[in-house]
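Examining the three-dimensional arrangement
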Amino acid sequence: MFLAMRAAVEETLAATLDRLGYPTDDLGIEQPPDDIDAVLASSAAFRLAGEAGAPPPKVAAEIADAFDAADCQYIDRVDTQGPYLNFWPSEQYFEHVLETGQDDDYGALPDRETSVVVEHTSANPTGPVHVGRARNPIIGDAVANLLDYAGYDVERHYYVNDAGRQIATFTWAYETFDESELPEPERESPEYEMVRYYRKANTYLEDEADEAEIEAAEAEIQSIMQGLEAGDEAAYERVSEVVDTVLDGMYATLKRLPATFDEFVKETRFMRDGSTDDVIERLKETEYAVYDEDAWQLDLPDIDKNLVFVRGDGTSLYTTRDLAHHEWKFDNFDEAVTVLGEDHELQARQLKSALEILGNDTDRLQTVHYSWVTLPEGGMSTREGTGVDLDDLLDEAIARAREEVEDRLDDRIRDDDLTEDDIDRIAHQVGIGAVRYDIVSKQPTKGITFEWERALDFEAQSAPYVQYVHARASGILAEATDGEGINADQAVTELDSRALDTPSERELLRQIARFPAVIETAADDLHPHAVATYTREFAEAFNAFYRECPVLDAPADKQGARLALVVAARQTIGNALDVLGIEAPDSM
RNA sequence: GGGCGUGUGGCCUAGUGGACAGGGCGAGAGGUUCCUAACCUCUCGAUCCCGGGUUCGAAUCCCGGCACGCCCGCCA
């Protein structure tokens, strides 16, 4: 609705400017400030003042006079305030918002017939998922949801590093050390049990082993890597046992968020199918290839650092395999999005540059970078075992949410008798929602210092604040359905938006109307946090309506329309939360 | 040293060329016989890191600093 209205305004405004003899390249369409109830504004008069030889307000008035609102769908009239043009919506606009806002898929944009693969998380399968990298699955999942809503055909991939040095080392350690040499696992889950071998390998090689022992270990690690490079089945199986076990455990944690994947794509796949070798051969033939100190490197334009693509020992590197991986993505998808930590920034640029050299159109590849979550005392590391495990954070979040629910039980006004299952459900929805919202609502590029109190604040700008809107709307509708005399179907069929004439009702309609446009720009920018900002603004509008407009006790001539408004509002906030990957509780 | 990113009231954060910089936390004062008070209303609080520049107009763009984070491995 908003999108159609905006398109109509753009078209009509352009035609108007053209008729007046002004250039139409800058329409200056923008959102009016909060205290102006217009749906759209334009600041074009500023730029046209010079050309017109008249002050901006005068130009604005001239344009407003010439603008024929009758030509413009959903627009009732245009007026000016100083140099600004304000466009006012027609009743038909609100009527359509009230109608379409009730659709299950409200906010979802038309199919673009474009496939996109969203790769995120892709954490090395070395141990438990910790909070330092928790931004990746949360942002990645939201980006995937967002693109899905925006009309793309989305697949979610986790790229599994099962071929690197770290994994060879891990495999060697798993086969070498006895469990009796290891500390108790922090949890009874495969990745917590397995990471002990990995940590042991690192302390052993760094501090405990003598030179001969290091050499022996090194030889074994080398043989695993060489085996993988040669496509040797036995080497692959040795590594797979470790990788698959750890990955299963990590996935179980990620599912709690929930972050799910359509496919786990293993690096070794691109060694076994020969595509990595193919990339290497093609790179060697380019003008950028240099052979230096036994290694093949790429002297990339615009990047100072050479990209080594074949080691002195003949094995490939992570980025080499990632090149084959990305060509595979280009073969199978129209577009690719990767969510990466800021530490991969240089590597991502090298990858893109090398892909370009290989003849790929890298405009099809976009990356979203995020900064690490750090502790007040510093970074988190799987290898060193420092940091907060995501499982612990989620457990704590759920426990605190449960306390909140139980504390509130006594002074609940509504006698809906929450069962033990309800309390459990709410604790999960709110606890996990709070963690996700805290992360997804911020610009990914900003650094986050993890603090328990801040991450688990259930008040104000948080998931529960937004979820509460959904619960309130659901409560009204539940009451309406089994209450006396109100037919739930009435909500859907009663579309007299004219009855919704108070400022708070109008504002809520305007907020509902914005949602598809929010999806569109957030998807274009790959900015899921823009949707989080929207949910907050939406919640404010809903709460104002809730305070001022009774629904169940509304005058007879308004009740149907208000119920329809509540249905639309509930649908909108539910879908917005869905984009963010946050559950929308029916009660809390 | 070089590259990338970030810098907004005491703290956290939105806003990346246009209408008085929007929220939250915090502090203070109110609000529930009425659909859930995880809510709402009011008050307090900002040299938008600093200095130049572009523009009718800059938190936003450009240049130069400063501070913090990340990267600069034949690791990933």
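Everything numeric here is computed off the predicted structure, so don't read it as measured data. (Residues numbered from 1 in each chain as written. Chains lettered and ligands numbered in written order. Predicted model: local features only at pLDDT ≥ 70, side-chain atom pairs only at ≥ 80, totals over all residues. Heavy atoms only, no water.)

1. So, the overall build of chain A
Check the secondary structure of chain A and you find 21 helices and 14 strands. Expressed along its principal axes, the backbone C-alpha trace of chain A runs to roughly 85 × 65 × 40 Å. Counting all 588 residues of chain A, 54% fall into the buried class. Here the analysis covers contacts within chain A between residues at least 6 apart in sequence; of these, 76% occur between residues at least 24 apart. Here chain A displays about 25,600 Å² of accessible surface, and carbon together with sulfur accounts for 43% of that area. (Helix = DSSP H or I, 4+ residues; strand = E, 2+ residues; numbered from the N terminus. Buried < 20%, exposed > 50% of the residue type's maximum accessible area, 1.4 Å probe, protein only. Contact = heavy atoms within 4.5 Å. Areas by Shrake-Rupley, 256 points an atom, 1.4 Å probe, with all protein chains shown as cover.)

2. So, the sheet that holds strand S5 (residues 115-119)
Ordered by their spatial adjacency, five strands build an open sheet running S7-S6-S5-S11-S12, and the pairing between neighbours is parallel. Sheet topology places strand S7 (263-266) and strand S12 (365-370) at the edges, where each strand pairs with a single neighbour. Shown here is a sheet whose adjacent strand axes are inclined to one another by a mean of 25°, direction ignored. Strand direction decides the pairing type here: strand S6 (residues 153-160) and S7, joined by four bridges, are parallel. (Pairing = 2+ DSSP bridges. Axes fitted to C-alpha atoms, helices over the stretch in contact; angles between N-to-C directions.)

3. Overview of the layout of surface pockets
A volume near 1,200 Å³ is recorded for the largest pocket. Together, 48 residues line the largest pocket, and Asn124, Asn161, Gln166, Asp343 and His344 are the ones closest to its centre. Elements supplying a minimum of two residues to the lining of the largest pocket: helix H6 (165-176), helix H7 (190-208), helix H8 (211-229), strand S10 (307-310), helix H12 (318-332), strand S11 (335-341), helix H13 (345-357) and strand S13 (373-374). Ranked by the residues each element gives to the lining of the largest pocket, the list is headed by H7, at five residues. Here the residues of the lining of the largest pocket sort into 16 nonpolar, 22 polar and ten charged. Counting residues domain by domain, the lining of the largest pocket receives three or more from each of domain 2 (162-265) and domain 3 (267-370). The space that makes up the second largest pocket amounts to roughly 980 Å³. In terms of lining, the second largest pocket is formed by 33 residues, of which the most central are Arg412, Tyr468, Ala471, Arg472 and Met588. (1 Å grid on protein atoms, 1.4 Å probe; cavity = no way out; pocket = protein on both sides within 12 Å on 5 of 7 lines; lining within 4 Å. Points joined across faces, edges and corners; volume = space filled by probe spheres on them. Nonpolar A, V, L, I, M, F, W, Y, C, P; charged D, E, K, R; others polar. Domains from an automatic or database assignment.)

4. Some points on the packing of aromatic side chains
We describe a pair of aromatic rings using the distance from one ring centre to the other and the angle between the two ring planes. Considering all chains together, one arrives at 26 aromatic pairs under this definition. Between the aromatic rings of tryptophan 172 and phenylalanine 177, the centroid separation amounts to 5.5 Å while the plane-to-plane angle is 75°, which identifies the pairing as edge-to-face. When its relative accessible area of 6% is taken as the criterion, tryptophan 172 is described as buried. For phenylalanine 177, a relative accessible area of 9% gives the class buried. Linked through ring pairs, Tyr106, Phe515, Tyr534 and Phe538 together constitute an aromatic cluster. The ring of tyrosine 546 is capped by arginine 472, whose NZ or CZ atom sits 3.9 Å from the centre of that ring. (Phe/Tyr/Trp six-rings, centres within 6.5 Å; stacked < 30°, edge-to-face > 60°. Lys NZ or Arg CZ within 6 Å of the ring centre and 35° of its normal.)

5. A look at the nonpolar core
Generally speaking, soluble globular proteins have nonpolar side chains that are buried together. Membership of the largest hydrophobic core comes to 159 residues, with the highest contact counts inside it found for Tyr93 and Leu147. Tallying contributions element by element places helix H21 (residues 556-580) first for this core, with 13 residues. Filtering out sequence-adjacent residues up to four positions away, tyrosine 93 remains in contact with Met1, Phe2, Met5, Val39, Tyr74 and Ala513. Judged by nonpolar contacts, the second largest core, of 25 residues, contains Val117, Tyr159, Leu307 and Ala324. (Core = buried A, V, L, I, M, F, W, Y, C linked by side-chain atoms within 4.5 Å.)

6. Comments concerning the pairing of S11
Remark: a regular strand shows side chains that alternate across the two faces of the sheet. Counted residue by residue, S11 has six buried out of seven residues, so it is predominantly covered. As paired strands, S11 and S12 are joined by six bridges and run parallel to one another. By the bridge assignment, leucine 340 is partnered in S12 with histidine 369. Where the polypeptide runs from S11 across H13 and back to S12, its parallel neighbour, the crossover connection is right-handed. (Right-handed = clockwise from strand over helix to strand, strands pointing away.)

7. Topic: the side chain of arginine 510
Along the chain, arginine 510 turns up in helix H19 (residues 503-525). Every residue in contact with arginine 510, bar those within four places of it in the chain, is listed here: Asp37, Val39, Phe94 and Pro503.

8. What about the side chain of arginine 562?
Residue position: arginine 562 is located in helix H21. Arginine 562 sits in the buried class, given a relative accessible area of 6%. Here arginine 562 is in contact with Leu500, Glu505, Phe545, Cys549, Pro550, Val551, Ala554 and Pro555, once residues within four sequence places are set aside.

9. Here we look at a negative patch on the surface
A surface patch of like charges, here negative, comprises Asp111, Glu113, Asp148, Asp153, Asp334 and Asp578. Looking at the secondary structure, you find aspartate 334 in the loop between H12 and S11. Note on aspartate 334: relative accessible area 37%, which makes it partly exposed. (Patch = residues over 30% accessible without salt bridge, like charges linked within 9 Å, V, L, I, M, F, W, Y side chains within 5 Å. Salt bridge = Lys/Arg side-chain N within 4 Å of Asp/Glu carboxyl O. Lys, Arg positive; Asp, Glu negative; His and termini not counted. Charge placed at Lys NZ, Arg CZ, Asp CG, Glu CD.)

10. Side note on the domain arrangement of chain A
Frequently, the measure chosen for interface size is the accessible area removed from exposure when the parts meet. What the domain assignment lists for chain A is domain 1 (2-89), domain 2 (162-265), domain 3 (267-370) and domain 4 (390-580). Centre-to-centre separation of domain 1 and domain 3, based on C-alpha positions: 48 Å.

11. Let's talk about the pattern of salt bridges
With the rule as written, the count across this model stands at 43 salt bridges. The salt bridge involving arginine 165 is made with glutamate 218; its shortest N-O contact spans 2.9 Å. With arginine 165 in helix H6 and glutamate 218 in helix H8, this pair connects stretches of sequence that are 53 residues apart. Note on arginine 165: relative accessible area 36%, which makes it partly exposed. With a shortest N-O distance of 2.5 Å, arginine 321 and glutamate 267 are connected by a salt bridge.

12. Focus: the packing of H6 against helix H9 (residues 233-255)
The interhelical angle for the contact between H6 and H9, taken along N-to-C directions, is 95°, at an axis separation of 9 Å. Judged by the inter-axis angle, H6 sits roughly perpendicular to H9. Where H6 approaches H9, its residues Ile167, Phe170, Thr171, Tyr174 and Glu175 are matched on the opposing element by Arg238, Val239, Glu241, Val242, Val243 and Val246. Its residues placed into classes, the contact of H6 with H9 shows seven nonpolar, one polar and three charged. (Parallel < 35°, antiparallel > 145°, perpendicular 65-115°, else oblique.)

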